[in-house]
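One-letter residues, chain by chain:
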Amino acid sequence: MSGQSKRVLVTGGAGFLGSHLCERLLEQGAEVLCVDNFFTGRRSNVAHLLDHPLFELMRHDITFPLYVEVDEIYNLACPASPIHYQLDPVQTTKTSVHGAINVLGLAKRVRATIFQASTSEIYGDPDIHPQTEAYWGNVNPIGPRSCYDEGKRCAETLFFDYHRQHSLKIKVARIFNTYGARMHPQDGRVVSNFIVQALQGRPITIYGDGSQTRSFCYVDDLIEGFLRLMATDAAVTGPMNLGNPNEFTIRELADVIREVVGSRAPIIQLPLPQDDPRRRQPDISYARKQLNWEPRVPLRQGIQATVAYFDRLLSKSGIVPPDIREAI
């Protein structure tokens, strides 16, 4: 590799997180192969990269094998919001499980280091708080969210079995709630829901009484964590929590967004979705120790940037999302 750019595959590269990762990798001088089937990813997320001499975009579904030559793989391919992954739950499980088998097989063949974008949903509706990587979780295996939760859990199993059986270099990150520019306006997640509703002067819909908590990480901070984890030596495999440990109630988030937007829209309450976690907060002690990493962007600053993105997007497209359940 002396004097030559490393070649990096990003599956799900046209998605919210994937597009930001592709940008950062290009800034580092990497040659980037962005693979996406465009189920939830959008070409517009990477349109500004298409003329970059080190960027390549390929339409492909990772439930089918992929034969390319790369040095590193970031596996981000899977719909991540409940409204999207519940549209075709069988395909969601296949993407997590068959997709993992395919990218792991590729990594084994080319001896690439491979990163898995896992999730805090591994922990389900947690019985311990905050959640540490040692916690095995409290997950409903047969509920409407199980296709994603259990699919990601099985993917972690596969990653560690490939590591033990084939000495594959793996990095597994458990991602907590992340927000920022390029979130899908119709993904049903709480940040995008609240911002779009506030910008359009519609009532802010809170499910339950709004006392459930989440920890919101700005996308730039998360991608920095990805890159630092991938750069660690082979002994650091994870799983590693990546997220913001500052905990907010859903009602507090709604108040911040209304204030940033300047909205006086009322807050209305609707029934809580099934298996919606009551509390979600990462213990990031491991990431602090191994990566010297922690989020830097405060919630209000990140929300201001995200509101500005959605304001531009809605002004251009006139998108009016359908009434969809808050899913976080």
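Before any of the text, the structure's been laid out above.
Summary of the structure given here. Within each chain, residue numbers correspond to sequence positions counted from 1 in written order. Restriction of local features to residues with pLDDT of at least 70 applies here, the model being predicted, together with a cutoff of 80 or more for giving and counting side-chain atom pairs; totals for whole chains, interfaces and linings are based on all residues. To get the side-chain values, take all heavy atoms of the structure and skip hydrogens and water.

### Focus on the nonpolar core
Then comes step 1: Judged by nonpolar contacts, the single largest core of 63 residues is most densely connected at Tyr 74 and Phe 226.
Then comes step 2: Here a residue-residue contact requires only that any non-hydrogen atoms of the pair lie within 4.5 Å. Excluding residues within four positions of it along the chain, Tyr 74 makes contact with Val 8, Leu 9, Val 10, Thr 11, Leu 21, Leu 25, Phe 115, Phe 226, Leu 227 and Met 230.
Then comes step 3: We call a set of buried Ala, Val, Leu, Ile, Met, Phe, Trp, Tyr and Cys residues a nonpolar core when their side-chain atoms join them within 4.5 Å. For each residue, the accessible area found with a 1.4 Å probe, counting protein chains only, is set against the maximum for its type, and the residue is called buried under 20%, exposed over 50%, and partly exposed in between. Ranked by size, the runner-up nonpolar core spans 26 residues in total, among them Ile 73, Ala 112, Leu 158 and Phe 160.

### What to know about helix H1 (residues 16-27)
Then comes step 1: In this text, helices come from DSSP runs of H or I with a minimum length of four residues, and strands from runs of E with a minimum of two, each type numbered from the N-terminal end. In this scheme, a helix's expected span is set at 1.5 Å multiplied by one less than its residue total. The terminal C-alpha atoms of H1, which comprises 12 residues, lie 18 Å apart, in line with the 16 Å expected from a rise of 1.5 Å per residue.
Then comes step 2: Among all positions of H1, only Phe 16, Leu 17, Gly 18, Ser 19, His 20, Leu 21, Cys 22, Leu 25 and Leu 26 are buried.
Then comes step 3: Taken from the residues just after H1, Gly 29 is the one with a positive phi, measuring 90°.

### Quick word on the environment of Ala 181
Then comes step 1: You can see Ala 181 is positioned in the loop between strand E7 (178-179) and helix H6 (190-199).
Then comes step 2: Spatially, the C-alpha atom of Ala 181 lies 9.0 Å from that of His 20, the residues being 161 residues apart in sequence.

### Regarding empty space enclosed by the protein
Then comes step 1: Buried and open spaces are told apart on a 1 Å grid over the protein atoms alone, a cavity being a set of points where a 1.4 Å probe fits but cannot get out and a pocket being an open set with protein on both sides within 12 Å along at least five of seven lines. Residues with an atom within 4 Å of a point are the lining residues. Grid points are joined across faces, edges and corners, and a volume is the space filled by probe spheres set on the points. Under the definition given, this model contains one cavity of 30 Å³ or more.
Then comes step 2: For the largest cavity, the calculated volume is near 40 Å³.
Then comes step 3: What lines the largest cavity is simply Ile 62, Phe 64, Leu 66, Asn 102, Val 103 and Leu 106.

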